[in-house]
Amino acid sequence: MKVFVSVDMEGISGIVHNQDVNPGHARWSESRALMTGDCNAAIEGLLEAGATEVVVNESHASMRNLLLEAVHPAATVVRGFHKSQCMVEGLDRSFDAAVFVGYHARAGKAGVLSHTISGKNFWEVRINGKPVGETAINALIAAAHGVPVIMVSGDDVLCDEVRADLGDGVVTIQTKRAI
């Protein structure tokens, strides 16, 4: 089973502030380690469940945040910015499933570090008149390739959003609770 993993940073366990996710700030190095840890937990779970190939697309900001030397050796990592499919670069029909790790709620929701694509440039993105976030956008791209999203992790607000947008068939892992 070949699985695609997209890893963002805002929904990662322990990350709660803009300074946590921006290079140059004091906590960014720690956040990179937290991101790598959550990514590895997903990889290990997928391997235990029978995955034979795991491709990880780094999906936060410049897309150069994971500690490459610490990423599980069974995974192939796609990183760097300016990818034609952005957060799902490399996803195609050859994959059996997709997993989104460390995702966040859409703009306008009260989630931890919620935004859609770029908080500076987008207030709301709609598809067929419905507001959507990065999770729904990327799930639609996956669906266009015939690839189901099987798991998403992030805060409680994101988990509610996933159930509303993608249905109860997607496993949601709550990494924290927005307060």
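A brief report on the enclosed structure follows. (Residues numbered from 1 in each chain as written. Predicted model: local features only at pLDDT ≥ 70, side-chain atom pairs only at ≥ 80, totals over all residues. Heavy atoms only, no water.)

Concerning the nonpolar core
Here is step 1 of the chain: In terms of nonpolar packing, the biggest core is built from 27 residues, with Val5, Val7, Val54, Val56 and Val101 touching the most fellow members.
Here is step 2 of the chain: Listed by contribution, the elements that provide at least two residues to this core are strand 1 (2-7), helix 1 (28-48), strand 2 (53-58) and strand 4 (97-101).
Here is step 3 of the chain: A total of six residues in this core trace back to one element, the largest contributor, which is helix 1.
Here is step 4 of the chain: In this structure valine 7 touches Ile12, Met35, Cys39, Val56, Asn57, Glu58, Ser59, His60 and Val101, once residues within four positions along its chain are discounted.
Here is step 5 of the chain: Membership of the second largest hydrophobic core comes to 17 residues, among which are Val147, Val152, Leu158 and Val162. (Core = buried A, V, L, I, M, F, W, Y, C linked by side-chain atoms within 4.5 Å. Buried < 20%, exposed > 50% of the residue type's maximum accessible area, 1.4 Å probe, protein only. Helix = DSSP H or I, 4+ residues; strand = E, 2+ residues; numbered from the N terminus. Contact = heavy atoms within 4.5 Å.)

Details of the pattern of salt bridges
Here is step 1 of the chain: Summed over all chains, the structure comprises six salt bridges.
Here is step 2 of the chain: In this structure, arginine 79 engages glutamate 58 in a salt bridge whose closest nitrogen and oxygen atoms are separated by 3.6 Å. Residue arginine 79 is found in the loop between strand 3 (75-78) and strand 4, and its partner glutamate 58 is found in strand 2; the two are separated by 21 residues along the sequence.
Here is step 3 of the chain: Classification of arginine 79 as partly exposed rests on a relative accessible area of 35%.
Here is step 4 of the chain: Two residues, aspartate 165 and lysine 130, come together in a salt bridge whose shortest N-O distance is 2.8 Å. Here aspartate 165, found in helix 3 (residues 156-166), pairs with lysine 130, found in strand 6 (residues 130-132); they are 35 residues apart in sequence, far enough to count as distant.
Here is step 5 of the chain: If you follow the salt bridges from partner to partner, you end up with Asp20, Arg27 and Glu30 in one network. (Salt bridge = Lys/Arg side-chain N within 4 Å of Asp/Glu carboxyl O.)

Shape is all these values report; function is a separate question.
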